[in-house]
Amino acid sequence: MLNSSLSELSAALAAKQVSSVELTRQFLDRIRGLNGKLNAFITVDEAHSLAQARVADERRSRGEAGPLTGIPIAHKDIFCTRGLRTTCGSRMLAGYSSPYDAHVIERFDAAGAVQLGKTNMDEFAMGSSNETSHFGPVRNPWDAARVPGGSSGGSAAAVAARMAPAATGTDTGGSIRQPAALTGVCGLKPTYGLVSRYGMIAFASSLDQGGPIAKSAGDLALLLNAMAGFDARDSTSLERPNEDYCRSLEIELKGMRIGLPGEYFGAGIEPGVRKAVEEAVRWFESQGAKAVEITLPNTALAVPVYYVIAPAEASSNLSRFDGVRYGHRAQGYADLSDMYRRTRAEGFGAEVKRRILVGTYVLSHGYYDAYYLKAQKVRRLIAQDFAAAFARCDLIMGPTSPSTAFPLGAKSDDPVQMYLNDIFTIPAPLAGLPGLSIPCGFDANGLPVGLQIMGNYFAEAKMLGAAHRYQQATDWHLRAPREAPL
Amino acid sequence: MILLPRPPASMSLTPDQLQRIALLARIEVSPEELRGVTDRLNQVFGLIDQLQALDTQSIEPMSHPLDAHMTLPQRLRPDQVTEPDRREAYQKGAPAVEQGLYLVPKVLE
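Keep in mind it's a predicted model, so treat the numbers as computed, not measured.

When helices and strands are tallied, chain B shows three helices and two strands. The N-to-C order of helical and strand elements in chain B reads α-α-α-β-β. Taken over the C-alpha trace, chain B has a radius of gyration of 23 Å; the compact-globule value for 109 residues is 13 Å, which it surpasses by more than 25%. With the C-alpha coordinates aligned to their principal axes, the bounding extent of chain B is approximately 65 × 50 × 25 Å. For chain B, the share of sequence-separated contacts (at least 6 apart) that also reach a separation of at least 24 residues comes to 51%.

Okay, here's the thing in C-alpha cells:
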C-alpha cells in the first residue's frame, strides 16, 4: 500500500480490501518509524487522524464516498487547520492554534480525505533547503546528509519516503517544484488564482500559490481537482469553470511543440542534471513531439527581481506578527515599540528577518522607484518573454533546478548562492504561469533529477497529460529512496 | 534593450543605515549582530543591483501576475454582515487579553 498511487488506494478502499483506519494507521506507523531520522513532520496527532479515518469509513459505508474519501494526506504547516497547530515553521507561531481552516483544508475535508499531519518547511516559506525551519532541518530520503530542498521540503520528503501518499505545498519562487525535484517526486504549481490562498499564511501575495505534491502526474491531477476552484474569500481567486484534470491525461504527443529555452541549458547546470533532462526531451521527440529552440532572454534578471518583490510583499505581510493578537511575545520590554522590536527579533529567524529588512529598504522613501518599481517593470519583461515563447511552443521543458540535492550547510551561510539555485523556478510565478516537476533520472551520486514542464495560463491539463504519458513509459517516479526502503 | 554604460551607485548600507531600517521594520538588531547582518544584506543588495543595468523607462510596471494575460474583475459584494462574532475563539491565541481586550504596554501617561 505504501507505494500505491492514489487511484489504487481509492480502488482498494472502494473494494473494501482496506479501511481508511487501516490505511491511515499504516502511514502513521511509517511516520513513527522514519520521522526521527527525516524530520519531515512538525505535528502528528494520531488520534485526530484516526478519528477522521473512522468518519471516512462511515461515510463510505453510507455510499457517499468520492475518490479521495479515506485517503490520508499530509499538509504543509503553512495551511491553517483548526484541529492541528499551525506553526509556519516559525518560533513566532510555535504554539499557534488557528480558529479556522484554510480553503484548501476545507476542500480536502469535504472530499473526505484524512489529515495525516503538518509537514516541516522553511520558516514562513522563506528558503530553498528547509534549513531555516525553527523545528530543525528536514533530511533528504535519498541521502540524509543532504537537504530535501524547500520551502515545502517536509511535504516532498514525506511523499518521497512514502510516509504520506500525497501532500500539499505552496510555491512562491519554486517551493513546490524544487523540493519535488530534489527528492524524486512530482509537484505542481498552478496558474496564479486557481487555488485559493484563504488560510494559507501569506509570504508574497502576488506570487504565493498552493499546489499538490505526489508520486505521479495522475495523482497530481486528482489532488488538483480537489484544490482548484473559486473562493470569494481570496480577492485574487479566479471565477472560471471547474476542470476535471483527470480526464485529459491520455494526451496526444505527436505534433506537440516543446520549447527548449537556451538560457535553461547554459553553463552552471550540473552535467548529471543536463543529461537526464536532455534524455527526457528525447523521449518526447521519439513520441512525435517537436523540439523548438526558444529564448527567455531576461531569465538571469528573474532572481534579482524576485528578491525585490518577494521581500517587499513579505515585509508588509509579516507586519501582522507584532506580539499583540497572536503568536510569540517577548518577556521583558520598556514600551510598546520595544515590545514589537524584541518580539520580532526573538520570534523570527535570521532569513526571515533578512527578507523583512530588504523589503523595508526597497519600499522606503527615495528607494521605491529605483528598486520596487524597477523590479515590477522587469517583471513585465519576464512575462513578455514567456508570451513570445508560447506563441512558438505548447509547453516549455528544462531542468527544475541546476543541481541535485546539496549537502546540509553547503549554502546556508551564503544567501545569494542559495537564491541563485532557484533560477529556473522563479520566472514562472513572476509571470503567474503554472509549472510542474517530475523525476526524470538520477545523477552519478544516485540523486534524483527533476524535469520542469511549464505551460501557458491554465494549461495544467496539458502539462499533466505530457507528464503522465512520460510516466507510463518510465519508472523513475516509482523508485523508493534508499534511506527509506519499503 | 539598452545597457547603460555604468550602473548607478550601489545600494550598499552602512551599519548605521541598517539600524534605521531595522527600526522601521520593528526588529531589534543587537550590536553583536550588526556587522554580520549588514554584510549579508549587502550581499543581497549586490544581487539586486543587477537590475540597474537595464533601461526600463517605457515599460509599464506589473503589479498583478495575471495582468499581462487578462483584465481582472474588481469583485464587489453587498455591504452586509456575513461573519458571526467569534471574538473568544480569535482571542484565545493572543499573548495578553482582558475582558475581551488585547493588552499592550501603556502608550499614554
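In this section: helix α1 (residues 6-14) of chain A. Residue and element names in this part refer to chain A. Of all the positions in α1, only L6, L9 and L13 are classed as buried. Projected onto a plane normal to the axis of α1, the buried residues spread over an arc of 60° and lie on a single side. On the buried face of α1, the contacting elements are α2 (20-38), α3 (46-61), β4 (166-171), β6 (209-214) and α7 (217-227). K16 lies just past α1 and shows a positive phi near 60°.

On to unusual backbone geometry. Residues and elements named next belong to chain A. A cis geometry characterises the amide bond from G150 onward to S151, with omega recorded as 10°. Within the element layout of this structure, S151 appears in the loop between β3 (114-119) and α5 (153-160). In this model, N39 sits at a positive phi of 60°, which is unusual for a non-glycine residue. Take N39: it is sitting in the loop between α2 and β1 (41-43). The exposure class assigned to N39 is buried, which follows from the 22 C-beta atoms found within 10 Å.

Another point: the interface of chain A and chain B. The interface of chain A with chain B comprises 56 residues on the first partner and 38 residues on the second. Elements supplying a minimum of two residues to the side of chain A that touches chain B: α9 (299-317), α10 (336-347), α11 (350-362), α12 (368-390) and α13 (415-420) of chain A. A total of 13 residues in the side of chain A that touches chain B trace back to one element, the largest contributor, which is α12 of chain A. Partitioned by chemical class, the residues of the side of chain A that touches chain B number 33 nonpolar, 11 polar and 12 charged.

In this section: the pairing of strand β10 (residues 435-442) of chain A. All names here are of chain A. Counting buried residues along β10, six of its eight residues qualify, which places the element largely inside the surrounding structure. In the sheet, strand β5 (residues 186-189) pairs with β10 via three bridges, with the strands oriented antiparallel. Residue pairing across strands places G187 opposite S437, the latter belonging to β10. Both β10 and strand β11 (residues 448-455) contribute to a ladder of six bridges, which runs antiparallel. Along β11, the bridge assignment pairs F442 with P448. The turn joining β10 and β11, which pair antiparallel and follow one another in sequence, is formed by five residues; a positive phi near 75° is taken by G446.

Each pair of packed helices gets described by two things: the angle between the helix axes and the distance between those axes. Residues and elements named next belong to chain A. Put simply, α9 and α11 touch, their axes get as near as 7 Å, and they point 100° apart. When the axes of α9 and α11 are compared, the pair comes out roughly perpendicular. Mapping the contact onto sequence places Y307, V308, P311, A312, A314 and S315 in α9 and R355, I356, V358, G359, T360 and V362 in α11. Counted by class, the contact of α9 with α11 contains eight nonpolar, three polar and one charged residues.

This paragraph deals with the confidence of the model for chain B. Residues and elements named next belong to chain B. When pLDDT is averaged along chain B, the result is 87, and 91% of the positions lie at 70 or above. A low-confidence stretch, residues 1-8 stays under pLDDT 50, and its non-local contacts, those more than four residues away or across chains, total 10 contacts. Of the two predicted TM-score estimates for the complex, the pTM is 0.96 and the ipTM is 0.92.

Residue and element names in this part refer to chain A. Of all five residues that make up strand β2 (residues 72-76), five are buried, and the element is covered over most of its length. Neither face of β2 is open: one carries P72, A74 and K76, the other I73 and H75, and all of them are buried. With five bridges connecting them, β2 and β3 associate as parallel partners. If you follow P72 over to β3, its bridge partner there is V114.

Before going further, it helps to spend a moment on the environment of D39 of chain B. Of note, D39 of chain B is situated in helix α2 (residues 31-48). Separated by 20 residues in the primary sequence, D39 of chain B and Q19 of chain B have C-alpha atoms spaced 13 Å apart.

Before going further, it helps to spend a moment on the packing of α11 of chain A against α2 of chain B. In the contact formed by α11 of chain A and α2 of chain B, the axes pass within 11 Å of each other and the chain directions differ by 55°. Regarding the angle of α11 of chain A to α2 of chain B, the classification is oblique. Pair α11 of chain A / α2 of chain B crosses with right-handed handedness. From α11 of chain A, R354, L357 and V358 of chain A reach across to α2 of chain B, where they touch R40, L41 and V44 of chain B. Of the residues assigned to the contact of α11 of chain A with α2 of chain B, the class counts are four nonpolar, no polar and two charged.

About the thresholds
- Residues numbered from 1 in each chain as written.
- Chains lettered and ligands numbered in written order.
- Predicted model: local features only at pLDDT ≥ 70, side-chain atom pairs only at ≥ 80, totals over all residues.
- Helix = DSSP H or I, 4+ residues; strand = E, 2+ residues; numbered from the N terminus.
- Rg over C-alpha atoms; globule rule 2.2 N^0.38 Å.
- Contact = placed C-beta atoms within 7 Å.
- Buried ≥ 20, exposed ≤ 12 C-beta atoms within 10 Å, placed from the backbone.
- Arc of directions from axis to C-beta.
- Nonpolar A, V, L, I, M, F, W, Y, C, P; charged D, E, K, R; others polar.
- Pairing = 2+ DSSP bridges.
- Axes fitted to C-alpha atoms, helices over the stretch in contact; angles between N-to-C directions.
- Parallel < 35°, antiparallel > 145°, perpendicular 65-115°, else oblique.
- pLDDT = per-residue confidence, 0-100.
- Left-handed = near helix turned anticlockwise from the far one by under 90°.

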